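# A look at the structure
One letter stands for each residue in the lines below.
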Amino acid sequence: MPKQLVPLKIQPGFADGTDYEVGPRWVRGNLVRWHEQRLKPWKPWRYLITETLSGQCRGMHFWQTNNGERFLVIATPSQIIVIQIRTNKVFDITPNSGLNTSPTFNLGSGYGAGYYDGSYSYGQSPGSTQSQFIFSDHARWSIDNWGDLLLLCKEGDSQIWSYNALSPYDTGAAQTDTTASLQSGSTNIFTQDHTKYTVNAQVSGTGIPAGTTVATIYTTLTGNGYGIVLDQAATQTLTNNTLTISPVAKMSVITTNADPIRARSIVVTAERYLLLIGANGDSRQLLWSGQEDYQDFDVSSLTSESGSLQVQTKGFLMCGKKVRAGILIFSSVDVSLLSYVGSPFFYGIETLATACGPVSSASIQQVAETTVWLSADGFWRFDGNVSSLPCSILESFLSDIDIQNSTLVSGGEIREFGEVVWFYKSKENTENRCDKYILWGTRNNTWSMGSLARDAYLAEEAFTFPVAVGPDDSGNTRVYAHEVERSDALDSTVECFAETGAFQIGAGDRLTRVSRVWHDLERQGTAAGFPQFTFYLSPSADSAETTKGPFSPVATGKIDVRFQGRQLRVKLSAPISNEWSLGQQRLEIQPGGTR
């Protein structure tokens, strides 16, 4: 019989099932996506800054001040840095003291976890030989901005910290912490750790007697930073005297009536209230400030608009996300909508759905008008109503994720391609951090999975590319620029691949000979940049496979091969530095023998 061209119709996205059950579908791969129905590799990444961070990233936030300055804050349990976008300068704003730096925090005990022993009298302590069950979680930062002012709240610390990037230094009283030597006859410029001390401070004065204690100092803005000007008019010659440098407190705790305000997470509402979620140790309480006053929480005042609500939920409150209709309030088991209703109640709440609480606050992502999140049994979305989000690889994903550490799950958006990605810790990973991902392509409803270690991911807000934080090959926490040019790849050898399930070629009653494959690869540079093809053939579903390849495509659009079988699987692979896209392949076939 004459040869014929048979289209190889492979649907976009990964699918669950056995190789034979799935058929001509992609079933596994790494760092690939579907854009405009074509299979493409991810774009690579590079380092954004040279600095390494202390601990895993547990929060990122971008904001722009009223004068147009743009900043990106990245927070770990023990460190907070701010990147000034215009200059790409990095400032460590970690508080000098007062911050609980533990990477985990206790959620408290569940029902029935208390002591029970009839031998103890009422009011008598059971002693130290018995213990309670305490549930713990990975502590995350909740970050928002009140105009220029950045507000931060860490689970386990629960204090509300504020930071003003336009006035980052404290001009208050000095506190002795470290020393610098003043040399005679020269301008004294010294640089200290900019996380705690003034930067490039220039000392001016005619002289300071040996042993003189400087009582007061103040800071004035100079060209390179802040200069310390001594409140001293001594006329003696300088002789290696010592000046005490004061720490600059760049972050402060928000208080009301001298007491710290506490919460699990925060949201600045569209109506300019500061909303505290899980306020003051009450895991079901919402508390909001007075309008235009983030420090007014006097709910007993007749003139204050501050107020509170108790959320009727079987779980504990986790976080809130702003949507067009109000604020979605997420608990560990359900989702509610908080709406502004005006005076005298200001806010009202209704439960939207139950048994769909997120596994972590960072798993909740927003793309266009849709909010999506991961729960313990699958994916959910809110687009005016709460509904489950079908996933074609849910079974594979749930069998791979370490659900006991699902609070590590962190998501992000890739706006260029309309994608949402979630990073998670797999069961096989011995380190306590995310090592794999699952991705949803919103424009063509495709799903894919792969391996990539990232702790957090932020869409193209601060920069023209996404920003991610994760470990390097040595385990150090680094900040990455993602979706960059192929030539800027940090590691050009990272493999991108995709593999299909086994599908029948020909009628199935006899073997089919394949003599040529028309690959329909879009030319992106030279042919050497194309992926390689590997084919796996077998005469039946339970037979051993024969591997053919890998084959390198040529610019004419064809691959000359010579093999036969009843079932065929296809694999494409290429380093991430190669750019290509795959359309519809065709096989040149001819009927063969029966065995």
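Residues numbered from 1 in each chain as written. Predicted model: local features only at pLDDT ≥ 70, side-chain atom pairs only at ≥ 80, totals over all residues. Heavy atoms only, no water.

The secondary structure content of the protein amounts to 2 helices and 53 strands. By sequence separation, contacts in the protein at least 24 residues apart represent 60% of the contacts at least 6 residues apart. Counting every atom, the protein has about 27400 Å² of accessible surface; 45% of that belongs to carbon and sulfur. (Helix = DSSP H or I, 4+ residues; strand = E, 2+ residues; numbered from the N terminus. Contact = heavy atoms within 4.5 Å. Areas by Shrake-Rupley, 256 points an atom, 1.4 Å probe, with all protein chains shown as cover.)

To continue, consider the packing of aromatic side chains. Under the definition given, this model contains 23 aromatic pairs. Measuring from centroid to centroid gives 5.6 Å for Y273 and Y347, while their planes differ by 80°, and the two rings are edge-to-face. One end of the pair, Y273, is in the loop between β25 (265-268) and β26 (274-277); the other, Y347, is in strand β32 (residues 346-354), and 74 residues separate them in sequence. On the numbers, 4.7 Å between centres and 50° between planes, the contact of F379 with W422 is tilted. On the criterion of sequence distance, the pair formed by F379 in strand β35 (residues 378-382) and W422 in strand β38 (residues 419-424) is long-range, its members being 43 residues apart. Summarising the burial analysis for this pair, F379 and W422 share the class buried. Three or more aromatic residues joined by ring pairs form one cluster here, namely F379, F397, W422, Y424, W440 and W447. R46 extends its terminal NZ or CZ atom over the ring of F465, reaching a point 5.3 Å from the ring centre. Here the guanidinium or amino end of R454 rests over the ring plane of Y480, the centre of that ring lying 4.0 Å away. (Phe/Tyr/Trp six-rings, centres within 6.5 Å; stacked < 30°, edge-to-face > 60°. Buried < 20%, exposed > 50% of the residue type's maximum accessible area, 1.4 Å probe, protein only. Lys NZ or Arg CZ within 6 Å of the ring centre and 35° of its normal.)

Of all 6 residues that make up strand β43 (residues 477-482), 6 are buried, and the element is covered over most of its length. The side-chain alternation of β43 yields two buried faces, one formed by T477, V479 and A481 and the other by R478, Y480 and H482. Pairing analysis gives 3 bridges linking strand β6 (residues 45-47) to β43, with the strands arranged antiparallel. Bridge assignment links W45 to a residue of β43, and that residue is H482. Here 5 bridges tie strand β42 (residues 467-471) to β43, and the two strands are oriented antiparallel to one another. When the sheet's bridge partners are listed, A468 is paired in β43 with Y480. Linking β42 to β43, which pair antiparallel, is a turn of 5 residues; within it G475 sits at a positive phi near 90°. (Pairing = 2+ DSSP bridges.)

Let us now look at the nonpolar core. Ranked by size, the top nonpolar core spans 65 residues in total, and within it I438 and F535 carry the most contacts. Considering every element that reaches this core, the biggest residue donor is β38, with 5 residues. Those residues in contact with I438 that lie beyond four places of it in its chain are F379, C391, I393, F397, V420, V421, W422, Y424, W447, S448 and M449. Core analysis: the second largest hydrophobic core is formed by 22 residues, L72, I83, V479 and V484 among them. (Core = buried A, V, L, I, M, F, W, Y, C linked by side-chain atoms within 4.5 Å.)

We now examine the sheet that holds strand β31 (residues 334-342). With antiparallel pairing, 4 strands are arranged side by side in an open sheet as β29-β30-β31-β32. With one partner strand each, in any of the chains shown, β29 (317-323) and β32 form the two edges of the open sheet. For this sheet, the mean inter-axis angle between neighbouring strands, taken without regard to orientation, is 25°. Across 8 bridges, the pairing between β31 and β32 is antiparallel. What sits directly across from Y340, in β32, is Y347. (Axes fitted to C-alpha atoms, helices over the stretch in contact; angles between N-to-C directions.)

Here we come to unusual backbone geometry. Looking along the chain, the bond that leaves S343 and enters P344 is cis, with omega of 5°. With respect to the secondary-structure elements, P344 resides in the loop between β31 and β32. The residue after G549, namely P550, is reached through a cis peptide bond having omega 10°. Within the element layout of this structure, P550 appears in strand β49 (residues 546-551). Phi angles above zero are rare outside glycine, and F346 is one such case at about 70°. Mapped onto the elements of the fold, F346 is located in strand β32.

We now examine the environment of T354. Checked against the element boundaries, T354 lands in strand β32. If sequence neighbours within four positions are ignored, T354 has contacts with V333 and D334.

Ordered by their spatial adjacency, 4 strands build an open sheet running β6-β43-β42-β41, and the pairing between neighbours is antiparallel. Edge strands, defined here as strands with exactly one partner in the open sheet, are β6 and β41 (456-458). If you compare each strand with its neighbour and ignore which way they point, the axes differ by 30° on average.

For the protein, mean pLDDT is 81; residues scoring 70 or higher make up 78% of the total. Low pLDDT, under 50, characterises residues 108-135; the predicted model gives this stretch 23 contacts beyond four residues in sequence or across chains. (pLDDT = per-residue confidence, 0-100.)

Another point: the pattern of salt bridges. Opposite charge on two side chains lets them pair, provided their charged atoms get close. Counted according to the given criterion, the structure contains 22 salt bridges. The partner of D402 in a salt bridge is K425, with the nearest N and O atoms 2.9 Å apart. One end of the pair, D402, is in the loop between α2 (394-400) and β37 (410-414); the other, K425, is in the loop between β38 and β39 (436-441), with 23 residues separating them in the sequence. As far as the burial class goes, D402 and K425 line up, both buried. For R478, the salt bridge identified is with D472, shortest N-O distance 3.7 Å. D472 matches R478 in its accessibility class, with the two residues each being buried. (Salt bridge = Lys/Arg side-chain N within 4 Å of Asp/Glu carboxyl O.)

With that out of the way, let us pick up the side chain of R25. Take R25: it is sitting in strand β3 (residues 25-30). Discounting residues that sit within four places of it in the chain, R25 has contacts with I10, Q11, P12, G13, F14, A15, E499, T500 and G501.

Looking at the element boundaries, H482 is found in strand β43. Taking relative accessible area as the criterion, H482 reaches 0% and is therefore assigned buried. Counting along the chain gives 17 residues from H482 to F465, while the straight-line C-alpha distance between them is 6.1 Å. Leave out the neighbours within four places in its chain, and H482 touches P44, W45, L452, R454, Y457, F465, P466 and A468.

Attention now goes to the environment of W141. The residue W141 is located in strand β13 (residues 141-146) in this model. Using a relative accessible area of 7% as the deciding quantity, one classes W141 as buried. Considering only alpha carbons, one finds W141 and C153, 12 residues apart in sequence, at a separation of 5.6 Å. For W141, the side chain forms a polar contact with the main-chain oxygen of T76, separated by 2.8 Å. (Polar contact = N/O pair within 3.5 Å; in protein donor to acceptor, adjacent residues only side chain to side chain.)

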